[in-house]
Amino acid sequence: MQYDAVLQEQTPENPDDREAQEEEITRLMERLEAHLDGLRIAGAEGLVMAEDRLAEFPERGELFVVRMLQPSAKDMHVAGLEVDKVRAYLERHV
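Conventions used here
- Residues numbered from 1 in each chain as written.
- Predicted model: local features only at pLDDT ≥ 70, side-chain atom pairs only at ≥ 80, totals over all residues.
- Heavy atoms only, no water.
- Core = buried A, V, L, I, M, F, W, Y, C linked by side-chain atoms within 4.5 Å.
- Buried < 20%, exposed > 50% of the residue type's maximum accessible area, 1.4 Å probe, protein only.
- Helix = DSSP H or I, 4+ residues; strand = E, 2+ residues; numbered from the N terminus.
- Phe/Tyr/Trp six-rings, centres within 6.5 Å; stacked < 30°, edge-to-face > 60°.
- Lys NZ or Arg CZ within 6 Å of the ring centre and 35° of its normal.
- Salt bridge = Lys/Arg side-chain N within 4 Å of Asp/Glu carboxyl O.

Chemist: What is the right way to look at the nonpolar core in this model?
Modeler: Nonpolar side chains in soluble globular proteins tend to be buried together. Leu32, Leu36, Leu39, Ala50, Leu63, Phe64, Val65, Val66, Met68, Leu69, Val78 and Leu90 together form the largest nonpolar core, which totals twelve residues. For this core, the secondary-structure elements that each account for two or more residues are α2 (18-41) and α4 (60-68). Element by element, the count of residues in this core is highest for α4, at five residues.

Shown next, in the form of structure tokens:
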């Protein structure tokens, strides 16, 4: 399944409740981090799986995952990323 599609389906029950939105974003970031951790633990096989998904679905979400699995990103965490820089990178490479 495409990572972008999953995230786009996730919407807070009350879009006017800022606290609920922040909690939902925090949960989504934790889930994404857990999935990335699983792929990192899988090592080379995890990267191959991610690259296969990118080849099948050349979208921003898949590219993000492949990028986060690169050795240079091993100490990066989703919560510490600068969203504007991530978006710019993805736009340049998709």
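So that's the structure; there's more coming.
Chemist: It is not clear to me how the packing of aromatic side chains should be interpreted in this structure. Could you clarify?
Modeler: Note on aromatic pairs: each is described by the distance of the centres and the angle between the planes. Using the criterion set out here, one finds zero aromatic pairs in the structure. The residue whose ring lies beneath Arg67 is Tyr89, and the NZ or CZ to ring-centre distance is 5.9 Å.

Chemist: Which parts of the structure should I look at to understand the pattern of salt bridges?
Modeler: Inspection of the entire model under this criterion finds seven salt bridges. Residue Asp37 is joined to Arg40 by a salt bridge in which the shortest nitrogen-to-oxygen separation is 3.5 Å. Of the two residues, Asp37 and Arg40 are both situated in helix α2; the distance of three residues between them amounts to about one turn of the helix. A relative accessible area of 35% places Asp37 in the partly exposed class.

Shape is all these values report; function is a separate question.
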